[in-house]
There are 2 protein chains.
Amino acid sequence: AAQAFQSPSPPSLAQPQDFLAEAPPQARYEPADDSSSSEAAIAPDYPLGAAKAQLHKTYIVAETASGVCIVDQHAAHERLVMEQMKAQYEQGQIKSQALLLPEIVELPADQTEAVLAEADRLKSAGLEVEAFGAGAILVRSVPALLGQTDVKSLLSDLAEELVHLGGATALSDRTGYILATMSCHGSVRAGRRLNAEEMNALLRQMEVTPAAGQCNHGRPTFVTLSLADLEKLFGRS
Amino acid sequence: AAQAFQSPSPPSLAQPQDFLAEAPPQARYEPADDSSSSEAAIAPDYPLGAAKAQLHKTYIVAETASGVCIVDQHAAHERLVMEQMKAQYEQGQIKSQALLLPEIVELPADQTEAVLAEADRLKSAGLEVEAFGAGAILVRSVPALLGQTDVKSLLSDLAEELVHLGGATALSDRTGYILATMSCHGSVRAGRRLNAEEMNALLRQMEVTPAAGQCNHGRPTFVTLSLADLEKLFGRS
């Protein structure tokens, strides 16, 4: 008779920050081909490894030299956008992209007021807004980093955030919340299919971005399992 | 400042047997194409899901309706071969494949003796051996299930196993060990690259094989992570 199933002990999870700190990328990625001689070239040079699959259109699975890395694509990309925005903001101005046609967004009165009260700060953050009658806002430009974005949804989220923050929050925190909300809108969502090239581009960008191991909410953007962790899952320890 | 990294709580791992018992395969697999309409067809019908990637040429990662399944390819295949061998053995005779040229395997005297003492049982198991002078064995045929196999390595492992077992083991156990050792030689090894078709074939075969959730040594052949487990890994619980 087969032995009773032993629930394997859980793998230990590497802390993303440590992982990135210990093993910075050092060399060029050699694209894999089907010859076995290319095998050695895939992973060793990159801490986050070579993308192998996307799971549930949400997680990127990568093979690293020492094991496996699983990335939350939205959390990771959000962080990358956030860091780019912060860098531009600290240099004085977030790059703005004029809309081809200004967009009018209707909002509740308190939200309209909260957004217009921050118009200067929003302009520094790349978002140009102005009053448009009662309970509506005209949007002339958005941060260039956001790319194609749903302006109504962005304004709505920002307005809710600003009302929620009220007047009590420190200015620097307020700016941080604005940038975080905009980053979220500029990020690839969970549920979007990514091809291998897009996945690898994300991994490579994460490796050179400060704090890329944590999303804007402090959660990990990736977790790693070593080969030993994998063996433990299968009772081989 | 970013919050301190919280090591996520470990995912609970489903017990393979229960998993297979609860959700037998019920319908045909629809091959995936790139249109989004095919998305829904991939996983729901198959407990072990659709193969998405092979990691470290050892593990198959599959996407299931409810999460992710990771399969140890060698352990899983070994079990499949074992179950096929057992079924044939219980029907009286394991199918044998004559070698084009009989192979001579040299072994230490005690091992030669142990193998020849079991010649009848080995024949029932599809392996025909006979004495070939002192310290050598002639192999005429091997179990057909093993396919292309390294006869010297198989004989050497079997001989070691038989010497190790000695005369004290019950006959049924002895047969079990012989079949297990042969199954191991008929299985895809860790370290062999599998294409998507091969991976999916293995998953589909596991789903219809008794006890496919455990390898011949009682370890799990696959582990599953639910979507909730994955979210927990990323602190989203």
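Look up: the structure comes first, before these words.
Residues numbered from 1 in each chain as written. Chains lettered and ligands numbered in written order. Predicted model: local features only at pLDDT ≥ 70, side-chain atom pairs only at ≥ 80, totals over all residues. Heavy atoms only, no water.

An account of the overall build of chain A is requested, with residue identities and associated values reported.
The number of helices and strands found in chain A is eight helices and seven strands. In chain A, buried positions account for 49% of the 237 residues. Of the accessible surface of chain A, which amounts to about 11300 Å², a share of 51% is contributed by carbon and sulfur atoms. (Helix = DSSP H or I, 4+ residues; strand = E, 2+ residues; numbered from the N terminus. Buried < 20%, exposed > 50% of the residue type's maximum accessible area, 1.4 Å probe, protein only. Areas by Shrake-Rupley, 256 points an atom, 1.4 Å probe, with all protein chains shown as cover.)

Go over the sheet that holds strand β3 (residues 67-72) of chain B, please, and point to the residues and values.
Residues and elements named next belong to chain B. As summarised here, the arrangement of the four strands in space is β1-β2-β3-β7, forming an open sheet in which the pairing is antiparallel. Looking at strand neighbours, the two that pair on one side only are β1 (50-55) and β7 (222-226), the edges of this open sheet. The mean angle between the axes of side-by-side strands here comes to 20°, regardless of whether they run parallel or antiparallel. Across five bridges, the pairing between strand β2 (residues 59-63) and β3 is antiparallel. Opposite Glu63, over in β3, you have Val68 as the bridge partner. The strands touched by helix α2 (residues 73-90) are β1, β2 and β3; relative to β3, the strand with the most contacts, the crossing angle is about 70°. Across the sheet, helix α7 (residues 196-207) is in contact with β1, β2, β3 and β7; its angle to β1 comes to roughly 120°. (Pairing = 2+ DSSP bridges. Axes fitted to C-alpha atoms, helices over the stretch in contact; angles between N-to-C directions. Contact = heavy atoms within 4.5 Å.)

Break down the sheet that holds strand β6 (residues 136-143) of chain A for me, citing the residues and quoting the values.
All names here are of chain A. The three strands are arranged β4-β6-β5 in an open sheet whose pairing can be described as antiparallel. Either end of the sheet is taken by a strand with one partner, and the two such strands are β4 (96-106) and β5 (128-131). The mean inter-strand angle of the sheet, taken between neighbouring strand axes irrespective of direction, is 15°. Relative to β6, β5 runs antiparallel, the two being bridged by four bridges. Across the sheet, the residue bridging to Glu128 is Ser141, located in β6. Contacting β4, β5 and β6, helix α5 (residues 151-165) crosses the sheet at an angle of about 70° to β4.

Break down the pattern of salt bridges for me, citing the residues and quoting the values.
Residue and element names in this part refer to chain A. Taken as a whole, this structure holds 20 salt bridges over all chains when the rule is applied. Notably, a salt bridge pairs Arg79 with Glu83, separated by 3.4 Å at the nearest N-O pair. Placement of both Arg79 and Glu83 in helix α2 (residues 73-90) is noted, with a separation of four residues, approximately one turn of the helix. Classification of Arg79 as buried rests on a relative accessible area of 9%. The network of salt bridges with common partners includes Arg79, Glu83 and Lys86. (Salt bridge = Lys/Arg side-chain N within 4 Å of Asp/Glu carboxyl O.)

Kindly report on unusual backbone geometry, identifying the contributing residues and their values.
Residues other than glycine seldom take positive phi values, yet Ala211(A) does so here, at roughly 60°. Classification of Ala211(A) by relative accessible area gives partly exposed; the value is 41%. Positive phi values are uncommon outside glycine, yet Lys57(B) reaches one of about 50°. One can find Lys57(B) in the loop between β1 and β2. For Lys57(B), a relative accessible area of 26% translates into the label partly exposed.

An account of the pairing of β6(A) is needed here, citing residue identities and associated values.
All names here are of chain A. Most of β6 sits out of view: seven of its eight residues are buried. Sheet topology places β4 next to β6; seven bridges connect them, and they run antiparallel. Opposite Glu103, over in β6, you have Val139 as the bridge partner. With antiparallel pairing between neighbouring strands as the criterion, β5 and β6 make up a hairpin whose turn holds four residues, including Gly133 at a positive phi of roughly 70°.

Just give me the short version of the side chain of Gln73(A), but keep the residues and values in it.
Residues and elements named next belong to chain A. Structurally, the position occupied by Gln73 is in helix α2. Gln73 gets classed as buried once you look at its relative accessible area, which sits at 0%. At a separation of 3.3 Å, a polar atom in the side chain of Gln73 contacts the main-chain carbonyl oxygen of Lys57. Those residues in contact with Gln73, other than ones at most four positions away along the chain, are Gln54, Lys57, Thr58, Tyr59, Ile60, Val188, Arg189, Ala190, Gly191, Arg192, Leu194 and Leu202. (Polar contact = N/O pair within 3.5 Å; in protein donor to acceptor, adjacent residues only side chain to side chain.)

Just give me the short version of the packing of helix α3 (residues 109-117) of chain A against α5(A), but keep the residues and values in it.
Residue and element names in this part refer to chain A. Running from amino to carboxyl end, α3 crosses α5 at an angle of 85°, the nearest separation of the two axes being 8 Å. For the element pair α3 / α5, the angle class is roughly perpendicular. Across from Asp110, Gln111, Ala114 and Val115 in α3, the residues of α5 making contact are Leu155, Ser156, Ala159, Glu160, Leu162 and Val163. Looking at side-chain class alone, the contact of α3 with α5 contains six nonpolar, two polar and two charged residues. (Parallel < 35°, antiparallel > 145°, perpendicular 65-115°, else oblique. Nonpolar A, V, L, I, M, F, W, Y, C, P; charged D, E, K, R; others polar.)

Got a sec to walk through the packing of α2(A) against helix α6 (residues 171-185) of chain A? Specific residues and values, please.
All names here are of chain A. At a closest axis distance of 8 Å, the pairing of α2 and α6 adopts a crossing angle of 130°. It follows from the interaxial angle that α2 and α6 lie oblique. As α2 packs across α6, the resulting crossing turns out to be right-handed. The segment α2 lies against α6, with His74, Glu78, Val81, Met82, Met85, Lys86 and Tyr89 engaging Thr175, Gly176, Leu179, Ala180, Met182, Ser183 and Cys184. Counted by class, the contact of α2 with α6 contains eight nonpolar, four polar and two charged residues. (Left-handed = near helix turned anticlockwise from the far one by under 90°.)

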